[in-house]
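Residues per chain, in single letters:
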Amino acid sequence: MKTQIEINKPEPIPVSAEVQSYTNGNDVELTIEDLIQGKSVLINEFYNDGVSLLQEIHSYLNLKLPNKSFKEQQKYRSEYFKLSNLVLIEVVDQELCAKKAPSIGWLEKFYPENNHFFLTFPQVQGMNSAWQWYQNGISIPVLRNKIHPYYGTYFPTRFEHLEVFDNWLKRYKGPKKTAIDVGVGCGVLSFQMVQYGFQKVFATDTNPNSIVGLQEFMGTTKLSRKIELDAGHLFGKWGKQTELIVFNPPWLPKTHELGGIDKAIYYNEKLFPEFFAEAKKRLLPDGKLVVFFSNLAQITKVTNKHPIETELAEGGRFQLENCYKKSVRTASNKTKRDPHWRSLEEVELWVLNNN
Ligand SMILES: C[S@@+](CC[C@H](N)C(=O)[O-])C[C@H]1O[C@@H](n2cnc3c(N)ncnc32)[C@H](O)[C@@H]1O
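Residues numbered from 1 in each chain as written. Predicted model: local features only at pLDDT ≥ 70, side-chain atom pairs only at ≥ 80, totals over all residues.

Draft legend 1. Focus on the overall build of the protein chain. Secondary structure assignment for the protein chain yields 12 helices and 14 strands. Computed over the C-alpha atoms, the radius of gyration of the protein chain is 22 Å, within 12% of the 20 Å expected from 2.2 N^0.38 for a compact globule of 355 residues. For the protein chain, the residues scored as buried account for 31% of the 355 residues in total. (Helix = DSSP H or I, 4+ residues; strand = E, 2+ residues; numbered from the N terminus. Rg over C-alpha atoms; globule rule 2.2 N^0.38 Å. Buried ≥ 20, exposed ≤ 12 C-beta atoms within 10 Å, placed from the backbone.)

In structure tokens:
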């Protein structure tokens, strides 16, 4: 089935003659000064010149913002975002115009009729990594098959919460006719439920790329008859009651305007109250509501509020059956940038029943 959903992709920048170019060996300080003043810089000799310039921006910011606190890291990221997105690269006939540049399949998929434009270097790097992930696939410990995340979709890079869910599903004795997966992303939770015998999963996501990507991934296979998709907010068009509702929501409160994939990570204050109110209508009397969360916002001191605890204390809709917790393993190749709070991080799987 052809889809009409409009996906998120980098907006092509019209070609302009005034942009000056940067090659390795140019005066980096002057170039960074230009970027700070808001002037764009073009990479048109070697692709790697762009990679080096972005590294130079990192070095500059490391000196300017050396503090590793969570807040200062956010400031660092926002400055990096501003400067690095002034570094441009040209696209002609769906290829990047620089020597030794990677070939990125999204260019053909996303801009079949646009033959000449600029993209920012970070956008191109993002597309390049996303193309590698999409093509090679990613193995997830609890899933039989690799997932192939579509451009611009959230996919898990740590798996403790999936392991906790896997354990829970293993012991789950209730009916398995239908489930709802709110915010399906690349489909991992839906795939887990199907693996454990759920006959039908109704899934949603506000991110169109996630829906288009899963439609493409499932094609007309058996899986496409088990997982039905809707691009929509919270429950989308799924109104019927079900025995299981799962939601792996964003884990951090919103601190800035949200665009694209940020919605996988940051929630606004309306999300949880609305989610619980809508979930109440759709959960069968003996159904289970499974919500993932983590102590990330608390240990990084972004907030001391916990939206699920708030719901249990004030909502009057659900009661706690169990909350499973698991520490997040810190990466063995821990780098200096790895902040101290990482070792305190725990994922949580909240299982709630109707009141
Ligand atoms: C943390 S990710 C989880 C994705 C996937 N379920 C997983 O566990 O890997 C949260 C997902 O919820 C989606 N999302 C955020 N707000 C939403 C909303 N209001 N309605 C539906 N989906 C939403 C995001 O686009 C993202 O795909």
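Draft legend 2. Here's a closer look at helix α8 (residues 208-218). When we look at burial in α8, the residues that qualify are Asn209, Ser210, Ile211, Val212, Gly213 and Leu214. Lining the buried residues of α8 we find β7 (200-205) and β8 (227-231). Where α8 terminates, the next one or two residues include Gly219, which has phi positive at roughly 50°. (Contact = placed C-beta atoms within 7 Å.)

Draft legend 3. Layout of the pairing of strand β14 (residues 346-354). Here strand β12 (residues 283-294) runs beside β14; their pairing, made up of 7 bridges, is antiparallel. In the sheet register, Lys288 faces β14, and the bridge partner there is Asn353. Direction of pairing for strand β13 (residues 318-327) relative to β14: antiparallel, over a ladder of 9 bridges. Its bridge partner being in β14, Cys323 is matched across the sheet by Trp350. (Pairing = 2+ DSSP bridges.)

Draft legend 4. Structural detail: the sheet that holds strand β9 (residues 242-247). Read across the sheet, 7 strands follow the order β8-β7-β6-β9-β12-β14-β13 without closing on themselves; strand pairing throughout is mixed. Both outer strands of the open sheet, β8 and β13, are each paired with one neighbouring strand and no more. Averaged over all pairs of adjacent strands, the angle between their axes in this sheet comes to 15°, without regard to strand direction. Alignment of β9 against β12, held across 5 bridges, turns out to be parallel. Its bridge partner being in β12, Phe247 is matched across the sheet by Val291. Docked against the sheet, helix α6 (residues 160-171) engages β12, β13 and β14, running at close to 35° with respect to β14. Contacting β7 and β8, α8 crosses the sheet at an angle of about 150° to β8. (Axes fitted to C-alpha atoms, helices over the stretch in contact; angles between N-to-C directions.)

Draft legend 5. Spotlight on the site of the ligand. Taken together, 20 residues sit near the ligand, with Gly183, Gly185, Asn207, Asn248 and Ala264 positioned nearest. Considered class by class, the residues forming the shell around the ligand number 10 nonpolar, 8 polar and 2 charged. (Near = placed C-beta within 6 Å. Nonpolar A, V, L, I, M, F, W, Y, C, P; charged D, E, K, R; others polar.)

Draft legend 6. Focus on the nonpolar core. Counting residues in each nonpolar core, the largest one holds 76 residues, and the members touching the most others are Ile89, Val201, Ile245, Leu289 and Val291. Ranked by the residues each element gives to this core, the list is headed by β12, at 6 residues. Two domains share this core, each providing at least three of its residues, namely domain 1 (20-134) and domain 2 (160-354). Apart from the residues lying within four places of it in its own chain, the contact partners of Val291 are Phe247, Pro249, Ile308 and Trp350. (Core = buried A, V, L, I, M, F, W, Y, C linked by C-beta atoms within 7 Å. Domains from an automatic or database assignment.)

Draft legend 7. The domain arrangement of the protein chain, seen in detail. Looking at the assigned domains, one finds that the protein chain contains domain 1 (20-134) and domain 2 (160-354). Here the C-alpha centre of domain 2 lies 33 Å away from the C-alpha centre of domain 1.

Draft legend 8. Here's a closer look at the pairing of β7. Counting buried positions along β7 yields 5 of 6 residues, so the element is predominantly enclosed. Note on the crossover from strand β6 (residues 178-182) through helix α7 (residues 188-195) to β7: the handedness is right-handed. With 5 bridges joining them, β7 and β8 adopt parallel strand pairing. From the neighbouring strand, Asp205 faces β8, where its bridge partner is Ala231. (Right-handed = clockwise from strand over helix to strand, strands pointing away.)

Draft legend 9. Molecular detail of the packing of α6 against α7. Two elements in contact, α6 and α7, have axes whose closest approach is 10 Å; the angle formed by their N-to-C orientations is 25°. Classed by the angle they form, the pair α6 and α7 counts as roughly parallel. Relative to α7, α6 is oriented so that their crossing is right-handed. Each of Leu162, Phe165, Asp166 and Leu169 in α6 lies in contact with α7, whose residues at this interface are Val188, Leu189, Gln192 and Met193. Considered class by class, the residues forming the contact of α6 with α7 number 6 nonpolar, 1 polar and 1 charged. (Parallel < 35°, antiparallel > 145°, perpendicular 65-115°, else oblique. Left-handed = near helix turned anticlockwise from the far one by under 90°.)

Draft legend 10. View of the packing of helix α2 (residues 47-64) against helix α3 (residues 70-84). Contact geometry of α2 with α3 gives a least axis separation of 10 Å together with a crossing angle of 145°. As α2 runs across α3, the sense of the crossing is right-handed. For the pair formed by α2 and α3, the contact residues are Leu54, Ile57, His58 and Leu61 on the first element and Tyr76, Glu79, Tyr80, Leu83 and Ser84 on the second. The class makeup of the residues in the contact of α2 with α3 is 6 nonpolar, 2 polar and 1 charged.

Draft legend 11. Spatial organisation of the environment of Val28. Looking at the element boundaries, Val28 is found in helix α1 (residues 28-36). Taking C-alpha positions, Val28 is 9.2 Å from Ile57, a pair spaced 29 residues apart along the chain.

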